[in-house]
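# Structure assessment
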Amino acid sequence: MVRVTRFRFLRQFLLGLVCVVMIAACGGGGGDTGAPADDAAGGGSDLLVVATEPAFPPFEFQAEDGSLVGFDIDLMNAIGEAAGFEVEFQSLPFDGIIPALQSNTVDAAISGMTITAARLETVDFSRPYIAAGLAIAVQESNTDINSIDDLEGKRIAVQIGTTGAETANGIPDAQVSTFDSAPLALQELSNGNADAVINDAPVTLDAIASGNIPGLKVIGELVTEEYYGIALPKGSPNLERVNSGMATILENGTYAEIFQTWFGAEPPELPEEAPL
Ligand code: ARG
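Attention here is on the structure that accompanies the text.

Definitions and cut-offs
Residues numbered from 1 in each chain as written. Predicted model: local features only at pLDDT ≥ 70, side-chain atom pairs only at ≥ 80, totals over all residues. Heavy atoms only, no water. Helix = DSSP H or I, 4+ residues; strand = E, 2+ residues; numbered from the N terminus. Near = heavy atom within 4 Å. Polar contact = N/O pair within 3.5 Å; in protein donor to acceptor, adjacent residues only side chain to side chain. Areas by Shrake-Rupley, 256 points an atom, 1.4 Å probe, with all protein chains shown as cover. Pairing = 2+ DSSP bridges. Contact = heavy atoms within 4.5 Å.

By the secondary structure assignment, Phe 179 is in strand 11 (residues 175-179). For the pair Phe 179 and Gly 161, spaced 18 residues apart in sequence, the C-alpha separation works out to 9.4 Å.

Let's shift gears to the site of the ligand. The environment of the ligand is made up of 14 residues, and the closest members are Glu 53, Ser 111, Gly 112, Arg 119 and Asp 200. Within the contact set of the ligand, a nitrogen atom lies 2.6 Å away from a side-chain nitrogen or oxygen of Glu 53. Separating a nitrogen atom of the ligand from a side-chain N or O atom of Glu 60 is a distance of 3.2 Å. Calculation on the ligand without its partners gives an accessible area of 350 Å², and the protein chains cover 100% of this total.

Here we take up the sheet that holds strand 2 (residues 55-56). Pairing is antiparallel in the open sheet, where three strands are placed in the order 2-3-4. The outermost strands of the open sheet, each flanked by one partner alone, are strand 2 and strand 4 (68-69).

As for its placement among the helices and strands, Thr 162 is situated in the loop between strand 10 (155-159) and helix 5 (163-169). Dropping the residues within four chain positions of it, Thr 162 is found in contact with Phe 94 and Arg 119.

Here it is, written out as structure tokens:
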């Protein structure tokens, strides 16, 4: 029951986003000329080290046996298979991922990472692979927080380095506390030590539906509409391979299969570029 409700909610907002954001996806590819000076994986190697912060179900998380699972994990592996490279995941704190890309310590990152204008100044992104957005969670019994405007002066828990954290930091007089993972921020709310959490809607909904973090609800509408992308170092020779692998699995039904596995629905149409 809970699962059906969750899927329906997810499907609704994913579909909703796509309806709202009708993108005429016109080319506009990178046009980079500067080849990376010191890229060990130059020209595209057979193994890509891919960073992720693995406490973000259903996108990336650890199964009971410790293995890394989730939508992003299946997607990255399928892209590698389609494009002819192996994937080795490396777990990193979320706020360490962009620095690791900038120093070429990792070849790519898939971590429910939103494509933003600010991030595009320091890293490249693949074409968007899923629509998401931020939601506000409060305690089930809460009645006074009904929109983002009600968060003024409130205690807000967020995961460090995220778009949720950035949004919270823009709220007047809010007391923002940062945590290493989204579940830790949600737990703080559940414990009554925060008034709200701003986090990616699919992840918050999954935490509530799974019963992992009790006593929470999501309020009203999404705060933002966001698209996730696979991040790569600026000018990476692997960007094209990742994008062509993604095009292949979007076409041959593999993407739809993976989406079905994790969200129990047909995937909505994706724009070729994220609206920023
Ligand atoms: N989508 C948000 C962002 O890009 C949160 C991502 C957090 N990802 C994670 N694996 N913890 O900032």
